[in-house]
Amino acid sequence: MSGTARQHALAVSLLQRAGLWREADARARRLARGHTDDAADATRLADDYRLLAHDLARVRSLMPDTRTREYLETTYTRAHATLHHGAWHAGSALLRLFRDEIPGVVRWLRPYIFWSSVIFLLAATGGYSLVHRYPELIALFASPELIATVERGQLWTEGLLNIVPSSVLSVQILTNNIVVSLLAYCAGFLFGLGTLYILGLNGLMLGAVFAFVIRHGLGDQLFSFIVAHGCVELSVMCLSGAAGAAVGEALIRPGAGGRIESFRLAALRSGKLLIACALLLVGAGLLEGYVSPDPRFGLAVRISLGVGYWFFMVLLLSGRLFRRRMP
Amino acid sequence: MSSVPPGLRVESVTGIDVSLPVAGPGARALGFLADWHIRVILALGWFCVAALIYNGRLRLVSPQTNGASWFGVVVAPALAIYFLYHYVVELAMHGRTPGKRMAGVRIVSRDGGTPGAGALLVRNVFRLIDSLPFYGVGLIATMVTREHVRIGDMAAGTLLVYERADALAPILLQSAGAAARLDPVGAELVAELLERWSTLTAPARTQLARQVLARYKLDITGADEATLHARLAGLLQPAQGRGP
């Protein structure tokens, strides 16, 4: 038998299996659309996958530029995707995320959280010292309206609820905070410099405004305004800065897998923390909209709420909130 | 040795790699523009309909300054539609969006599978960087990277691949007679010509039929269009007395 005749015979025998390919394609489509509890169906898909792989290999060499090959490539890809599509249940995925994955990320990020907090505190101290010594420098950090209000002996937060309702205020604040938090993480892409800038700038502004307000005898009032929501809000800023710093370090000091791979691993791993950060910021935004500007809440209540919420954050991030119950 | 088409090669336990053709900046931009229009229309649509219902008359502005219920019913959902569109739709449609469907592309992870919720989140969070300025960073990234990915894709380990259009099913050579007469490529040629017969102009299909039949040294002198069609169909039928 000549080589050409042999190839012809092989190709013909392959084409005679087209019916099986169509059945495999229909099964892969059906299983991709929905769930099945039929183990036999899943087993048949695995058999289909082997059959398609075998036939595709033959067709790639025997009939490379044919629609048979195109059809088999498509069907094989579909069967591969259907077979390798992992099971996903929202409830268990969320539980695993908060019970195992986020606490794992926080443990991994511990040194980054420490250094981000140090940078933030140093920047805040720097801002405070600058404005304490050179009050005119407040113009670099605050708007003219804010400066004028404080110089009149008032905080800009006074009467805030008369201007904007709590619900609107909450949504505006939490949206802004989430965007800043996400930016601190994404800016890690600039080899960590963007994250450093965002942490530093926010720290400088906080310190500078505090120094300016204390200078005008309004420090207690500002503390009273900030304490309920600020404990978590500032902590989350440091957490997202830590995630950004991890991304930056992955680019500066990539592992054996290369810079892109290292960036991908760090971004994917630390990105999980952002979900917790966003949720915590929603709570902080609600506190800032409903509690902080409302004069009916006394300082003790504010401190209790702020510290309590901060402990809730610690429990959430350490995984103790969803700890496995021992049998 | 079998050749694998260019694109994302995904290793398989069978030893036969899956090949996924990677989408370029053009297809990506087309998908994005389509999605952008869809989400703008959806967000504006919500805003207008909710505002009309809220006001109870033909008026699109809030009846009072900074109304909380106005914000909650009209403004916030419209903003949520605009900003969460990509993440929610990609998650619900397993890496696809209506715009990506129009462009014939979908998001896959590097193992060729559907990306997870975390990867899609990271991919969309990095839009903050990719969208600066006017998506310039993202566009340049897709043009200069080998796999045409933006920074969000690099971070999430995803890329856009072309959805394979449903290829035409191969012809089924059930008879040994037909197999003996036709080589597989020829059989495909005949089957395809017959499938497209009605869409071709008469002179074109007559000419093509003559060329195909001449290849098999069949007598076509004086044959009209119907005869040519019958001869072509006959090639795919079992030969008389030689069937299995």
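Residues numbered from 1 in each chain as written. Chains lettered and ligands numbered in written order. Predicted model: local features only at pLDDT ≥ 70, side-chain atom pairs only at ≥ 80, totals over all residues.

Brief notes about the domain arrangement of chain B
(1) Moving on: Looking at chain B, the domain boundaries give domain 1 (23–162) and domain 2 (176–235).
(2) Moving on: Domain 1 of chain B and domain 2 of chain B are separated by 49 Å when their C-alpha centres are compared. (Domains from an automatic or database assignment.)

So, the domain arrangement of chain A
(1) Moving on: Assigned domains of chain A: these are domain 1 (3–84) and domain 2 (90–322).
(2) Moving on: Using only C-alpha atoms to locate each centre, domain 1 of chain A and domain 2 of chain A end up separated by 54 Å.

A few points about the environment of A:Val291
All names here are of chain A.
(1) Moving on: Tracing the sequence through the fold places Val291 in the loop between helix H11 (259–290) and helix H12 (299–318).
(2) Moving on: Residue class for Val291 comes out partly exposed when judged on the 19 C-beta atoms lying within 10 Å of it.
(3) Moving on: Aside from chain neighbours lying at most four places away, what touches Val291 is Ala228, Phe297, Arg302 and Leu305. (Helix = DSSP H or I, 4+ residues; strand = E, 2+ residues; numbered from the N terminus. Buried ≥ 20, exposed ≤ 12 C-beta atoms within 10 Å, placed from the backbone. Contact = placed C-beta atoms within 7 Å.)

What about the interface of chain B and chain A?
(1) Moving on: Every contact between the two is made by 45 residues of chain B and, on the other side, 48 residues of chain A.
(2) Moving on: Among the secondary structure elements, those contributing two or more residues to the side of chain B that touches chain A are strand E2 (18–20), helix H2 (68–92), helix H4 (117–125), helix H5 (127–130), helix H7 (151–156) and helix H9 (184–195) of chain B.
(3) Moving on: The element that contributes the greatest number of residues to the side of chain B that touches chain A is H4(B), accounting for five residues.
(4) Moving on: By residue class, the composition of the side of chain B that touches chain A is 28 nonpolar, 13 polar and four charged. (Nonpolar A, V, L, I, M, F, W, Y, C, P; charged D, E, K, R; others polar.)

Let's talk about unusual backbone geometry
Residue and element names in this part refer to chain B.
(1) Moving on: Despite not being glycine, His94 has its phi angle at roughly 55°, a positive value.
(2) Moving on: You can call His94 partly exposed: it has 16 C-beta atoms within 10 Å.
(3) Moving on: Positive phi values are uncommon outside glycine, yet Tyr135 reaches one of about 65°.
(4) Moving on: Relative to the helices and strands, Tyr135 resides in the loop between H5 and helix H6 (136–144).
(5) Moving on: Using a count of 17 C-beta atoms within 10 Å as the deciding quantity, one classes Tyr135 as partly exposed.

Let's talk about helix H9 (residues 193–215) of chain A
(1) Moving on: Over its 23 residues, H9(A) extends 32 Å from the first C-alpha to the last, a length consistent with the 33 Å expected when each residue adds 1.5 Å.
(2) Moving on: Of the residues flanking the end of H9(A), it is A:Gly217, one or two places downstream, whose phi is positive at about 70°. (Expected span 1.5 Å × (residues − 1).)

Here we look at the nonpolar core
(1) Moving on: Ranked by size, the top nonpolar core spans 113 residues in total, and within it A:Leu52, A:Leu109, A:Ala208, A:Ala242, A:Ala243, A:Ala246 and A:Leu273 carry the most contacts.
(2) Moving on: With 14 residues, helix H10 (residues 219–252) of chain A is the single largest residue contributor to this core.
(3) Moving on: Look past the residues within four positions of A:Leu109 in its chain and what remains in contact with it is A:Ala242, A:Ala243, A:Ala246, A:Ser270 and A:Leu273.
(4) Moving on: Core analysis: the second largest hydrophobic core is formed by 10 residues, B:Ala187, B:Leu189, B:Val212 and B:Leu213 among them. (Core = buried A, V, L, I, M, F, W, Y, C linked by C-beta atoms within 7 Å.)

Some thoughts on the confidence of the model for chain A
(1) Moving on: Across chain A, the average pLDDT comes to 87, with 94% of residues at or above 70.
(2) Moving on: Mean pLDDT across the secondary structure elements of chain A bottoms out at helix H7 (residues 160–163) of chain A, with 68, and peaks at H12(A), with 95. (pLDDT = per-residue confidence, 0-100.)

Overview of the confidence of the model for chain B
Residue and element names in this part refer to chain B.
(1) Moving on: Here chain B shows a mean pLDDT of 82. Residues at 70 or above account for 85%.
(2) Moving on: Throughout residues 239–244 the model reports pLDDT below 50, and contacts reaching past four residues in sequence, or to other chains, amount to 11 contacts.
(3) Moving on: Both confidence scores are given for the complex: pTM 0.79, ipTM 0.81.

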